[in-house]
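Reading the structure
Listed below, chain by chain, are the residues.
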Amino acid sequence: MSHDHHNHNHQAIENHQHPTESSDSCCSGSDAPASSGQHMMHHMMSMSFHFGTNETVLFDWWTFSATSGLVYSMIGIFLMATLYEGLKYFREYLFWKSYNAIQYRSVQIPLEKGPNDPVSQMVGKVLLKQPLPTMFSLTHLLQTFLHIVQISISYLLMLIFMTYNVWLCLAVLFGATLGYFLFGWKKSVVVDVTEHCH
(Lines give C-alpha, C1' and ligand atoms only; values in the text may rest on other atoms or scores of the structure.)
Protein backbone atom coordinates (compact mmCIF):
# COMPACT_ATOMS: atom_id res chain seq x y z
CA MET A 1 0.00 0.00 0.00
CA SER A 2 2.78 2.48 0.85
CA HIS A 3 4.49 1.51 -2.43
CA ASP A 4 1.37 2.44 -4.45
CA HIS A 5 1.08 5.73 -2.56
CA HIS A 6 4.72 6.57 -3.38
CA ASN A 7 4.19 5.87 -7.10
CA HIS A 8 1.06 8.05 -7.17
CA ASN A 9 2.92 11.01 -5.60
CA HIS A 10 5.85 10.58 -7.99
CA GLN A 11 3.55 10.59 -11.03
CA ALA A 12 1.68 13.66 -9.73
CA ILE A 13 4.93 15.57 -9.35
CA GLU A 14 6.03 14.59 -12.87
CA ASN A 15 2.70 15.77 -14.30
CA HIS A 16 3.17 19.25 -12.83
CA GLN A 17 6.73 19.69 -14.06
CA HIS A 18 8.33 19.75 -17.47
CA PRO A 19 11.90 20.26 -18.56
CA THR A 20 12.88 23.84 -19.37
CA GLU A 21 15.62 25.11 -21.56
CA SER A 22 19.00 25.46 -19.92
CA SER A 23 19.02 29.23 -20.46
CA ASP A 24 15.93 29.67 -18.24
CA SER A 25 17.05 27.47 -15.35
CA CYS A 26 19.87 27.86 -12.94
CA CYS A 27 21.30 24.43 -13.69
CA SER A 28 21.17 22.82 -17.12
CA GLY A 29 18.95 19.79 -17.35
CA SER A 30 16.94 20.64 -14.23
CA ASP A 31 13.15 20.69 -14.11
CA ALA A 32 11.11 23.73 -13.07
CA PRO A 33 7.38 24.27 -12.47
CA ALA A 34 5.55 25.50 -15.56
CA SER A 35 4.21 28.87 -14.43
CA SER A 36 5.65 30.34 -11.24
CA GLY A 37 9.04 28.67 -11.59
CA GLN A 38 9.70 30.11 -15.03
CA HIS A 39 8.62 33.54 -13.81
CA MET A 40 10.93 33.26 -10.81
CA MET A 41 13.86 32.06 -12.92
CA HIS A 42 13.31 34.85 -15.42
CA HIS A 43 13.58 37.45 -12.66
CA MET A 44 16.57 35.84 -10.99
CA MET A 45 19.43 38.26 -10.66
CA SER A 46 22.50 37.88 -12.83
CA MET A 47 25.58 37.35 -10.68
CA SER A 48 27.99 38.88 -13.20
CA PHE A 49 28.43 42.40 -14.50
CA HIS A 50 26.31 43.12 -17.54
CA PHE A 51 25.29 46.02 -19.76
CA GLY A 52 21.53 45.86 -19.87
CA THR A 53 18.54 48.12 -20.37
CA ASN A 54 16.02 45.78 -18.78
CA GLU A 55 16.27 45.79 -15.00
CA THR A 56 14.29 45.79 -11.77
CA VAL A 57 15.88 48.11 -9.23
CA LEU A 58 15.11 47.55 -5.53
CA PHE A 59 11.30 47.40 -5.88
CA ASP A 60 8.83 45.79 -8.29
CA TRP A 61 7.55 49.21 -9.35
CA TRP A 62 11.06 50.46 -10.22
CA THR A 63 11.58 48.64 -13.50
CA PHE A 64 12.72 49.78 -16.91
CA SER A 65 13.02 48.07 -20.25
CA ALA A 66 14.18 50.95 -22.46
CA THR A 67 17.20 53.23 -22.61
CA SER A 68 15.17 56.22 -21.40
CA GLY A 69 14.20 54.34 -18.21
CA LEU A 70 17.84 53.42 -17.68
CA VAL A 71 18.94 57.04 -18.05
CA TYR A 72 16.28 58.31 -15.61
CA SER A 73 17.25 55.61 -13.12
CA MET A 74 20.94 56.50 -13.48
CA ILE A 75 20.16 60.18 -12.79
CA GLY A 76 18.16 59.28 -9.68
CA ILE A 77 20.86 56.91 -8.39
CA PHE A 78 23.57 59.48 -9.15
CA LEU A 79 21.73 62.11 -7.07
CA MET A 80 21.08 59.61 -4.27
CA ALA A 81 24.79 58.74 -4.04
CA THR A 82 25.78 62.43 -4.12
CA LEU A 83 23.33 63.30 -1.34
CA TYR A 84 24.50 60.30 0.67
CA GLU A 85 28.00 61.77 0.77
CA GLY A 86 26.57 65.15 1.70
CA LEU A 87 24.58 63.56 4.54
CA LYS A 88 27.73 61.91 5.91
CA TYR A 89 29.59 65.20 6.13
CA PHE A 90 26.53 67.06 7.43
CA ARG A 91 26.31 64.58 10.33
CA GLU A 92 30.01 65.06 11.03
CA TYR A 93 29.53 68.84 10.95
CA LEU A 94 26.64 68.60 13.44
CA PHE A 95 28.70 66.34 15.69
CA TRP A 96 31.63 68.74 15.86
CA LYS A 97 29.33 71.75 16.20
CA SER A 98 27.58 70.20 19.21
CA TYR A 99 30.87 69.34 20.91
CA ASN A 100 32.55 72.65 20.08
CA ALA A 101 30.89 74.20 23.11
CA ILE A 102 33.27 72.18 25.27
CA GLN A 103 36.58 73.95 24.99
CA TYR A 104 39.71 72.06 25.88
CA ARG A 105 42.60 74.28 26.78
CA SER A 106 46.08 73.14 27.45
CA VAL A 107 46.99 74.31 30.94
CA GLN A 108 50.43 73.66 32.34
CA ILE A 109 50.14 72.91 36.05
CA PRO A 110 53.37 73.26 38.00
CA LEU A 111 54.66 69.95 39.32
CA GLU A 112 54.90 71.17 42.89
CA LYS A 113 51.19 72.02 42.96
CA GLY A 114 48.52 69.32 43.41
CA PRO A 115 44.82 68.97 42.63
CA ASN A 116 43.91 71.35 45.49
CA ASP A 117 45.67 74.20 43.71
CA PRO A 118 43.37 77.11 42.66
CA VAL A 119 44.40 76.79 38.98
CA SER A 120 43.36 73.11 38.87
CA GLN A 121 40.04 73.87 40.56
CA MET A 122 39.33 76.72 38.10
CA VAL A 123 39.95 74.50 35.05
CA GLY A 124 37.64 71.86 36.50
CA LYS A 125 34.88 74.41 37.10
CA VAL A 126 35.11 75.76 33.54
CA LEU A 127 34.79 72.27 32.06
CA LEU A 128 31.89 71.34 34.35
CA LYS A 129 29.94 74.50 33.44
CA GLN A 130 29.81 73.58 29.74
CA PRO A 131 26.55 71.88 28.67
CA LEU A 132 27.05 68.21 27.89
CA PRO A 133 24.70 66.45 25.44
CA THR A 134 22.31 63.92 26.90
CA MET A 135 20.62 60.89 25.40
CA PHE A 136 17.33 62.76 24.94
CA SER A 137 18.78 66.08 23.82
CA LEU A 138 17.49 67.54 20.56
CA THR A 139 20.95 67.26 19.00
CA HIS A 140 21.24 63.54 19.78
CA LEU A 141 17.69 62.82 18.56
CA LEU A 142 18.46 64.61 15.28
CA GLN A 143 21.71 62.64 14.92
CA THR A 144 19.80 59.40 15.57
CA PHE A 145 17.24 60.22 12.87
CA LEU A 146 19.97 61.16 10.38
CA HIS A 147 21.82 57.94 11.28
CA ILE A 148 18.75 55.87 10.33
CA VAL A 149 18.42 57.76 7.04
CA GLN A 150 22.13 57.33 6.30
CA ILE A 151 22.12 53.59 7.01
CA SER A 152 19.02 53.12 4.83
CA ILE A 153 20.53 55.01 1.90
CA SER A 154 23.87 53.22 2.21
CA TYR A 155 22.25 49.78 2.08
CA LEU A 156 19.99 50.82 -0.81
CA LEU A 157 23.04 51.97 -2.76
CA MET A 158 24.77 48.69 -1.96
CA LEU A 159 21.77 46.71 -3.22
CA ILE A 160 21.66 48.82 -6.39
CA PHE A 161 25.32 48.02 -6.96
CA MET A 162 24.52 44.33 -6.44
CA THR A 163 22.21 44.33 -9.46
CA TYR A 164 25.55 44.05 -11.34
CA ASN A 165 24.21 46.39 -14.02
CA VAL A 166 27.32 48.29 -15.11
CA TRP A 167 25.37 51.48 -15.88
CA LEU A 168 23.77 51.57 -12.41
CA CYS A 169 27.11 50.76 -10.75
CA LEU A 170 28.72 53.67 -12.60
CA ALA A 171 25.91 55.97 -11.43
CA VAL A 172 26.63 54.98 -7.81
CA LEU A 173 30.40 55.47 -8.24
CA PHE A 174 30.18 58.82 -10.05
CA GLY A 175 27.53 60.12 -7.64
CA ALA A 176 29.66 59.23 -4.62
CA THR A 177 32.69 60.80 -6.30
CA LEU A 178 30.85 64.07 -6.95
CA GLY A 179 29.51 64.02 -3.39
CA TYR A 180 33.00 63.62 -1.98
CA PHE A 181 34.28 66.39 -4.25
CA LEU A 182 31.52 68.78 -3.12
CA PHE A 183 31.47 67.96 0.59
CA GLY A 184 34.67 66.05 1.44
CA TRP A 185 37.04 69.01 1.34
CA LYS A 186 35.63 70.12 4.71
CA LYS A 187 36.39 66.77 6.31
CA SER A 188 37.73 67.33 9.80
CA VAL A 189 38.69 63.82 10.93
CA VAL A 190 41.04 61.25 9.48
CA VAL A 191 38.99 58.14 10.39
CA ASP A 192 35.53 58.12 8.83
CA VAL A 193 33.28 57.27 11.78
CA THR A 194 30.08 57.83 9.77
CA GLU A 195 30.68 55.20 7.09
CA HIS A 196 28.57 52.05 7.24
CA CYS A 197 29.89 50.04 4.32
CA HIS A 198 33.66 49.69 4.67
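Taking an unreviewed UniProt entry as the reference, the protein is identified by name as Copper transport protein belonging to Acyrthosiphon pisum. Regarding the protein, the relevant UniProt record gives this comment under Subcellular location (unreviewed entry): "Membrane". What UniProt states about the protein under its Sequence similarities (unreviewed entry) heading is, verbatim, "Belongs to the copper transporter (Ctr) (TC 1.A.56) family. SLC31A subfamily."

Here we take up the overall build of the protein. Broken down by element type, the protein carries six helices and four strands. Taken from the N to the C terminus, the helices and strands of the protein come in the order α-β-β-α-β-β-α-α-α-α. The buried share of the protein, taken over its 198 residues, is 25%. The long-range share in the protein, meaning contacts at least 24 apart out of those at least 6 apart in sequence, stands at 69%. In the structure as shown, the protein presents an accessible area of about 14,700 Å², 66% of it carried by carbon and sulfur atoms.

Our focus in this paragraph is a nonpolar patch on the surface. A cluster of nonpolar residues, V71, Y72, I75 and L79, forms a patch on the protein surface that exposes about 410 Å² of accessible area. Secondary-structure assignment places I75 in helix α3 (residues 67-99). Judged by its relative accessible area of 45%, I75 is partly exposed.

Moving on to the packing of helix α5 (residues 138-161) against helix α6 (residues 166-183). Packed helices, taken two at a time, are described by the angle their axes make and the gap between the axes. Where α5 contacts α6, the axes come no closer than 8 Å and their chain directions differ by 145 degrees. Note on element contacts: α6 touches α5 through L168, C169, V172 and L173, opposite L157, I160 and F161.

Turning to the UniProt feature "transmembrane region" (unreviewed entry) in the protein, a few remarks are in order. Look at the UniProt record and you will see "transmembrane region" (unreviewed entry) annotated at residues 61-84, 135-158 and 164-183. Measuring from the first to the last C-alpha atom of residues 61-84 gives 23 Å, for a span that is 75% helix and 8% strand. Annotation note: span residues 135-158, helix share 88%, strand share 0%, distance between end C-alpha atoms 30 Å.

What follows deals with the pattern of salt bridges. What the rule picks out here adds up to one salt bridge. With a shortest N-O distance of 3.4 Å, K88 and E85 are connected by a salt bridge. Pair noted here: K88 and E85 are both in helix α3, with a separation of three residues, about one helical turn. Relative accessible area serves as the criterion here: at 3%, K88 is assigned to the buried category. Relative accessible area serves as the criterion here: at 8%, E85 is assigned to the buried category.

Look at L58: it is not a glycine, yet its phi comes out positive at around 65 degrees. Tracing the sequence through the fold places L58 in the loop between β3 (55-56) and β4 (63-64). For L58, a relative accessible area of 29% puts it in the partly exposed group. Unusually for a residue other than glycine, Y164 sits at a positive phi of about 65 degrees. Structurally, the position occupied by Y164 is in the loop between α5 and α6.

The next subject is the packing of α3 against α5. For the pair α3 and α5, the least separation of the axes is 10 Å and the interaxial angle reads 155 degrees. By the angle between their axes, α3 is roughly antiparallel relative to α5. Between α3 and α5 lies a crossing whose hand is left-handed. Contact residues: I77, M80, A81, Y84, L87, K88, F90, R91, L94, F95 and S98 in α3; T139, L142, Q143, L146, H147, V149, Q150, I153, S154, L157 and I160 in α5. Among the residues making up the contact of α3 with α5, the classes are represented as 14 nonpolar, six polar and two charged.

Next up on the list: the packing of aromatic side chains. Across all of its chains, the model carries seven aromatic pairs by this definition. Judged by centre distance (5.1 Å) and plane angle (80 degrees), the ring pair of F95 and W96 falls under edge-to-face. Accessibility expressed as a relative area gives 37% for W96, which makes it partly exposed. Counting every residue linked through ring pairs, the aromatic cluster contains F49, F161 and Y164.

Cut-offs applied
Residues numbered from 1 in each chain as written. Predicted model: local features only at pLDDT ≥ 70, side-chain atom pairs only at ≥ 80, totals over all residues. Heavy atoms only, no water. UniProt positions renumbered as here; feature names shortened; annotations may be inferred. Helix = DSSP H or I, 4+ residues; strand = E, 2+ residues; numbered from the N terminus. Buried < 20%, exposed > 50% of the residue type's maximum accessible area, 1.4 Å probe, protein only. Contact = heavy atoms within 4.5 Å. Areas by Shrake-Rupley, 256 points an atom, 1.4 Å probe, with all protein chains shown as cover. Patch = residues over 30% accessible without salt bridge, like charges linked within 9 Å, V, L, I, M, F, W, Y side chains within 5 Å. Salt bridge = Lys/Arg side-chain N within 4 Å of Asp/Glu carboxyl O. Axes fitted to C-alpha atoms, helices over the stretch in contact; angles between N-to-C directions. Parallel < 35°, antiparallel > 145°, perpendicular 65-115°, else oblique. Left-handed = near helix turned anticlockwise from the far one by under 90°. Nonpolar A, V, L, I, M, F, W, Y, C, P; charged D, E, K, R; others polar. Phe/Tyr/Trp six-rings, centres within 6.5 Å; stacked < 30°, edge-to-face > 60°.

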